[in-house]
Amino acid sequence: IWTDWAETFSSPATEDEKSNKNRLVETHTGYKRHHFGCLHTREVYSLGENTWLIHDIMRANSKNKYCLHWLLSDFRYELNDTSCGLNLKTPSGMYQIRLLCSCPSFQFTVVRACKDSPHGWFAPYYQHLEPAISLDLTVEASSAQFWTLFGPPPCDLQQIKNDIVVTQPAEEKI
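Residue numbers restart at each chain and count upward from 1, following the sequence in its written direction. For this predicted model, a pLDDT threshold of at least 70 governs which residues receive local features, and a threshold of 80 or more governs which side-chain atom pairs are given and counted, while totals over whole chains, interfaces and linings are taken from all residues. Side-chain numbers here rest on the full set of heavy atoms in the structure, without hydrogens or water.

Undergrad: Explain the pattern of salt bridges to me, using residue names and the numbers behind them.
TA: By convention in these notes, a salt bridge is any Lys or Arg side-chain nitrogen within 4 Å of a carboxyl oxygen on Asp or Glu. In this structure the tally under the stated criterion is five salt bridges. Asp 56 is paired through a salt bridge with Arg 42; the nearest N and O atoms lie 2.7 Å apart. Of the two residues, Asp 56 is situated in strand E4 (residues 51-72) and Arg 42 in strand E3 (residues 39-48); the sequence distance between them amounts to 14 residues. Taking the shortest distance from any N to any O, the salt bridge between Lys 89 and Glu 78 comes out at 3.2 Å. With Lys 89 in strand E6 (residues 84-90) and Glu 78 in strand E5 (residues 76-79), this residue pair connects regions lying eleven residues apart in the sequence. Here a strand is any run of E in DSSP of at least two residues, a helix any run of H or I of at least four, and the numbering for each starts at the N terminus.

In structure tokens, the structure reads:
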């Protein structure tokens with residue numbers, strides 16, 4: 001049987017990018033065959049021990065609803081008051097998740113074990129649900145960029161003009 005499978009490919013690296021062994025870039029066409037024709041690129045950066053920056057780029061010819069969704073383990077957590085994100089209280093200590101979106105108007109939600117929807121649940125096997133933390137950042141646009149920072153404190157993610165700045169013990173500009 002032959003079907004229109006989605007394709008995944010690595011983007012060609014520039015000379016500067018070839019020297020960065022802590023970066024992975026992949027693009028997939030899985031949403032392109034639908035009527036909205038979206039192309040999704042994900043860049044993953046390793047910024048040190050247990051610290052990751054994920055950059056999702058969504059591009060289409062028309063306006064779409066994009067949702068970045070992270071399903072996290074069911075740890076106790078606190079919402080971050082100053083940015084989109086939360087602080088997880090793991091058995092190994094605090095761990096932070098921070099999110100940014102290129103669009104000024106977006107919706108940020110955190111759900112745990114919602115009784116009326118599949119949000120906030122993890123299904124390790126068929127007909128078995130366990131509570132989880134569902135983190136969503138949703139926007140309507142023709143293109144959008146999302147940045148997610150995972151790391152131990154202190155770390156933060158902010159946009160300063162056209163730069164994305166990750167603040168951690170040693171500050172890095174991406």
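Undergrad: I'd like a description of the packing of aromatic side chains, backed by residues and values.
TA: Pairing of aromatic rings covers Phe, Tyr and the six-membered ring of Trp, with a centre-to-centre limit of 6.5 Å; geometry is then stacked below 30 degrees between planes, edge-to-face above 60, and tilted otherwise. The tally for this structure, following the rule as stated, stands at one aromatic pair. For the ring pair Trp 70 and Phe 150, a centre distance of 5.0 Å and an interplane angle of 85 degrees mean the geometry is edge-to-face. Note that Trp 70 is positioned in strand E4 and Phe 150 in strand E11 (residues 133-151), a separation of 80 residues in sequence.

Undergrad: Hey, could you go over the pairing of strand E10 (residues 128-131) for me, with residue numbers and the actual values?
TA: Note on pairing: DSSP must find at least two bridges between two strands before they are called paired. For strand E9 (residues 121-125) and E10, the ladder comprises three bridges, and the chain directions are antiparallel. Looking at the pairing, Trp 121 lines up with Pro 131 of E10. Connecting E9 to the antiparallel partner E10 that follows it, the hairpin turn spans two residues, and Gln 127 within it adopts a positive phi of roughly 60 degrees.

Undergrad: So what's going on with the nonpolar core? Which residues, and what values?
TA: By size, the foremost hydrophobic cluster in this structure holds 23 residues, and its most contacted members are Tyr 66, Trp 70, Leu 72, Ile 97, Leu 99 and Phe 146. Those elements that provide at least two residues to this core are E4, E6, strand E7 (93-101) and E11. Residue contributions to this core peak at eight residues, all from E11. When checking whether two residues touch, look at their non-hydrogen atoms; a contact exists if any pair is within 4.5 Å. Not counting the four nearest positions on each side in its chain, Ile 97 is found in contact with Leu 72, Cys 84, Gly 85, Leu 86, Leu 88, Leu 135, Thr 148, Leu 149 and Phe 150. What makes a nonpolar core is a set of buried Ala, Val, Leu, Ile, Met, Phe, Trp, Tyr and Cys residues whose side-chain atoms join them at distances within 4.5 Å. Relative accessible area decides the class of each residue, using a 1.4 Å probe on protein chains only: under 20% of the type maximum gives buried, over 50% gives exposed, and in between gives partly exposed. The next biggest cluster of nonpolar side chains, apart from the first, holds ten residues, and it includes Leu 100, Trp 147, Cys 155 and Val 166.

Undergrad: Residue-level account of the pairing of E5, with values.
TA: Pairing analysis gives four bridges linking E5 to E6, with the strands arranged antiparallel. Note that in E6 the partner of Glu 78 across the bridge is Asn 87.

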